[in-house]
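A closer look at the structure
Okay, here's what each chain looks like letter by letter:
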Amino acid sequence: MPMDEGAERNGHAPVRVLVCDDHAVFRRGLALVLEPEPDIAVVAEAADGEEAVALARGTRPDVVLLDVRMPGIDGIETARRLALEVPSARVVMLTVSDAEEDLYESVKAGAVGYLLKDVSIEEIAGAVRAVARGQSLVTPSMASKLFAEFNALANRVDG
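Residues numbered from 1 in each chain as written. Predicted model: local features only at pLDDT ≥ 70, side-chain atom pairs only at ≥ 80, totals over all residues. Heavy atoms only, no water.

Here's the deal with the overall build of the chain
- Scanning the chain for helices and strands turns up six helices and six strands.
- Along the chain, helices (α) and strands (β) appear in the sequence β-α-β-α-β-α-β-α-β-α-β-α when read from the amino end.
- A compact globule built from 159 residues should have a C-alpha radius of gyration of about 15 Å, and the chain, at 16 Å, falls within 12% of that.
- For the C-alpha atoms alone, the extent of the chain along its principal axes is close to 55 × 35 × 30 Å.
- The buried share of the chain, taken over its 159 residues, is 44%. (Helix = DSSP H or I, 4+ residues; strand = E, 2+ residues; numbered from the N terminus. Rg over C-alpha atoms; globule rule 2.2 N^0.38 Å. Buried < 20%, exposed > 50% of the residue type's maximum accessible area, 1.4 Å probe, protein only.)

In structure tokens:
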């Protein structure tokens, strides 16, 4: 869906968002949550990774919200492809997966955010804004896993 050309954010263009999830109801619901925000424009919605990469090439989103687990090309591979083809897009995984491996692989693929789908509706727009400003976000329960892995790696290198 095209962005409202008149939408502005304090004299700046709105944060351009691409939403990708294989569940149509969740994908559309997420877009409906973001669309009323005056400083955020949902520029595209994709049902899978292939479609997300193709749409990102054309729409040049600032932020891409991706599900980790999707049929075909999963969110992790999609993040890798986006990093190569649309490097300006900042990827946030928005998923039900609390698997450590999905978190680690997402970060390695270039994701700058990893949020579980139990995040509140109010937090979604804030997360988009934060990531667009250059911040990284990780759901607290997942952050502890990330720090534990980092500490284990550091101990292996030091030992």
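Now, onward.
What about the environment of Val19?
- Within the fold, Val19 resides in strand β1 (residues 15-20).
- Exposure remark for Val19: the relative accessible area of 1% places this residue in the buried category.
- Setting aside residues up to four positions removed in sequence, Val19 forms contacts with Arg27, Leu30, Val42, Ala44, Glu45, Ala46 and Leu65. (Contact = heavy atoms within 4.5 Å.)

Remarks on the environment of Arg28
- Assignment of secondary structure puts Arg28 in helix α1 (residues 24-34).
- Taking C-alpha positions, Arg28 is 7.9 Å from Glu45, a pair spaced 17 residues apart along the chain.

Comments concerning the packing of α1 against helix α5 (residues 121-132)
- For the pair α1 and α5, the least separation of the axes is 10 Å and the interaxial angle reads 75°. What the angle tells us is that α1 and α5 run roughly perpendicular. For the pair α1 and α5, contact is made by Leu30, Val33 and Leu34 and by Ile121, Ile124, Ala125 and Val128, respectively.
- Of the residues assigned to the contact of α1 with α5, the class counts are seven nonpolar, no polar and no charged. (Axes fitted to C-alpha atoms, helices over the stretch in contact; angles between N-to-C directions. Parallel < 35°, antiparallel > 145°, perpendicular 65-115°, else oblique. Nonpolar A, V, L, I, M, F, W, Y, C, P; charged D, E, K, R; others polar.)

Let's talk about the side chain of Thr59
- Note that Thr59 resides in helix α2 (residues 49-59).
- Classification of Thr59 by relative accessible area gives buried; the value is 17%.
- Setting aside chain neighbours within four positions, we find Thr59 in contact with Arg16, Leu18, Val43 and Ala44.

Some points on unusual backbone geometry
- Positive phi outside glycine occurs at Arg60, with the angle close to 50°.
- Structurally, Arg60 is set in the loop between α2 and β3 (63-66).

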